[in-house]
Amino acid sequence: DAGITQSPRYKITETGRQVTLMCHQTWSHSYMFWYRQDLGHGLRLIYYSAAADITDKGEVPDGYVVSRSKTENFPLTLESATRSQTSVYFCASSPGQGIQPQHFGDGTRLSIL
Amino acid sequence: AQSVAQPEDQVNVAEGNPLTVKCTYSVSGNPYLFWYVQYPNRGLQFLLKYITGDNLVKGSYGFEAEFNKSQTSFHLKKPSALVSDSALYFCAVREASGGSYIPTFGRGTSLIVHP
């Protein structure tokens, strides 16, 4: 089925470990985004990508790394997880810079102990 | 710079009554405006958008929103609320030309519809 899928849906890990969150979309949308959602902060943009091999920092990029070797995949890596990175992470895609809305995955709930 | 404000963290309404979720925005030029809904353990789902034209925009699930340029507002409305409308609602804005193509989201408003 067409759509945007995130994996895993739930993850528990320990501080200092590396964690990679996966995002895959089947629409061939050019633009992809990573957000984190925390109570009191709403959605905050971590990184975004305009096309394969083009990525840029958002509002809260520290401690995160992204790559986009293929249009359909946009993994997010926490190189050395910290407790402050406990959050719900959402991936989104959109077809272009124009008027089209974003399409969101169902999120990854990440707990760092 | 662009910004959006949702002044109410929570809105409570009785089933069958009209509902309004407020959103105000700030952009340098003309805005593109969006409303999304988030149900528990799900991602955001697009409801409706204002790009240009008619100030009253109709969207999914019977929702509509009114664009008011003089008040820089884009309030979400529904004539008769359902318990199933209970969810988190997000307003988003981006500038229509120039600036960043990345939308800015509000902090969200929790809508609770009481039976």
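Preceding block: the structure.
Calculation rules
- Throughout, residues of each chain are indexed from 1 in the direction in which the sequence is written.
- Going through the entries in the order they are written, you letter the chains from A and number the ligands from 1.
- Restriction of local features to residues with pLDDT of at least 70 applies here, the model being predicted, together with a cutoff of 80 or more for giving and counting side-chain atom pairs; totals for whole chains, interfaces and linings are based on all residues.
- Side-chain calculation: all heavy atoms of the structure are included, whereas hydrogens and water are not.
- Helix and strand labels come from DSSP, where a helix needs a run of H or I of at least four residues and a strand needs a run of E of at least two; each type is numbered from the N terminus.
- For each residue, the accessible area found with a 1.4 Å probe, counting protein chains only, is set against the maximum for its type, and the residue is called buried under 20%, exposed over 50%, and partly exposed in between.
- Residue burial considers only the protein chains on display, and all accessible areas are found by Shrake-Rupley using a 1.4 Å probe.
- The charge count treats Lys and Arg as positive and Asp and Glu as negative. His and the chain ends do not count.
- Just so you know, the charge point we use is NZ for Lys, CZ for Arg, CG for Asp and CD for Glu.
- Two strands pair if DSSP finds at least two bridges between them.
- Here an angle of 0 to 180 degrees is reported between the N-to-C directions of two axes, which are lines fitted to C-alpha atoms, with helices fitted over the stretch in contact.
- In what follows, a contact means two residues having at least one pair of non-hydrogen atoms within 4.5 Å.
- Summed over both partners, buried area is the accessible surface (1.4 Å probe) that two parts give up on being assembled.
- Definition used for salt bridges: Asp or Glu carboxyl oxygen within 4 Å of a side-chain nitrogen of Lys or Arg.
- Two cysteine sulfur atoms form a disulfide, by the criterion used here, when they sit within 2.5 Å.

Asks: Looking at this model, I keep getting lost on the overall build of chain A. Mind explaining?
Replies: Counting secondary structure elements, chain A contains zero helices and 11 strands. Counting from the amino terminus, helix and strand elements in chain A follow one another as β-β-β-β-β-β-β-β-β-β-β. Burial status across chain A gives 46% buried among its 113 residues. Summed over its atoms, the accessible surface of chain A is roughly 5,500 Å², and 47% of this surface lies on carbon and sulfur atoms. Between the mean site of the 10 positive side-chain charges and the mean site of the 10 negative ones, chain A shows a separation of 6 Å.

Asks: What should I look at first to understand the pairing of strand E8 (residues 64-68) of chain B in this one?
Replies: Each regular strand carries side chains that alternate between the two faces of the sheet. Residue and element names in this part refer to chain B. Judged from the three bridges that link them, strand E7 (residues 56-58) and E8 form a sheet pairing that is antiparallel. By the bridge assignment for E8, Leu 56 is matched with Glu 66. Connecting E7 to the next strand, E8, in antiparallel fashion are five residues, including Tyr 61 with a positive phi near 60 degrees. By the bridge criterion, five bridges tie E8 to strand E9 (residues 73-78) in an arrangement that is antiparallel. Bridged to Glu 64 within E9 is Lys 77. Counting the residues that bridge the hairpin from E8 to E9 gives four residues, and of these Thr 72 lies at a positive phi of roughly 45 degrees.

Asks: It is not clear to me how the sheet that holds strand E8 (residues 76-78) of chain A should be interpreted in this structure. Could you clarify?
Replies: Strand pairing in a sheet relies on backbone hydrogen bonds, with the paired strands running either antiparallel or parallel. All names here are of chain A. One open sheet holds the four strands; their spatial order is E1-E3-E8-E7, and the pairing between them is antiparallel. Each of the sheet's edge strands pairs with one partner strand only, and the pair in question is strand E1 (4-7) and strand E7 (64-66). Within the sheet, the average angular offset between the axes of one strand and its neighbour, ignoring direction, is 15 degrees.

Asks: Looking at this structure, how should I read the interface of chain B and chain A?
Replies: Much of the literature gives interface size as the accessible area that the parts lose upon coming together. Every contact between the two is made by 19 residues of chain B and, on the other side, 24 residues of chain A. For the pair chain B and chain A, the summed buried area comes to about 1,800 Å², and 56% of that belongs to carbon and sulfur atoms. Linking chain B with chain A are one salt bridge. A salt bridge links Arg 42 of chain B to Asp 106 of chain A; its shortest N-O distance comes to 3.0 Å.

Asks: What's the story with the state of the cysteines in this structure? I'm lost.
Replies: Here, the word disulfide means a covalent bond between the sulfur atoms of two cysteines. One pass over the structure, following the stated rule, counts two disulfides over all chains. The disulfide bridge from Cys 23 of chain A ends at Cys 91 of chain A, spanning 1.9 Å between sulfur atoms. With the S-S bond torsion at -75 degrees, the cross-link from Cys 23 of chain A to Cys 91 of chain A turns out left-handed. Here Cys 23 of chain A, found in strand E3 (residues 19-25), pairs with Cys 91 of chain A, found in strand E9 (residues 87-94); they are 68 residues apart in sequence, far enough to count as distant. For Cys 91 of chain A, a relative accessible area of 0% translates into the label buried. Here Cys 23 of chain B pairs with Cys 91 of chain B through a disulfide, and the sulfurs are 2.0 Å apart. Measuring handedness by torsion sign, the sulfur bridge of Cys 23 of chain B and Cys 91 of chain B sits at about -60 degrees and is left-handed. You can see Cys 23 of chain B sitting in the loop between strand E3 (19-21) and strand E4 (24-26) and its partner Cys 91 of chain B sitting in strand E10 (residues 87-95), a full 68 residues away along the chain. For the pair shown, Cys 23 of chain B and Cys 91 of chain B are each scored as buried.

Asks: How should unusual backbone geometry be read in this particular structure?
Replies: For residues that are not glycine, phi is negative in most cases, and the peptide bond is trans in most cases. Residues and elements named next belong to chain A. In this structure, Pro 8 follows Ser 7 across a cis peptide bond, with omega equal to -10 degrees. The topology assignment puts Pro 8 in the loop between E1 and strand E2 (10-13). In this model, Ser 28 sits at a positive phi of 65 degrees, which is unusual for a non-glycine residue. Its place among the elements puts Ser 28 in the loop between E3 and strand E4 (31-38).

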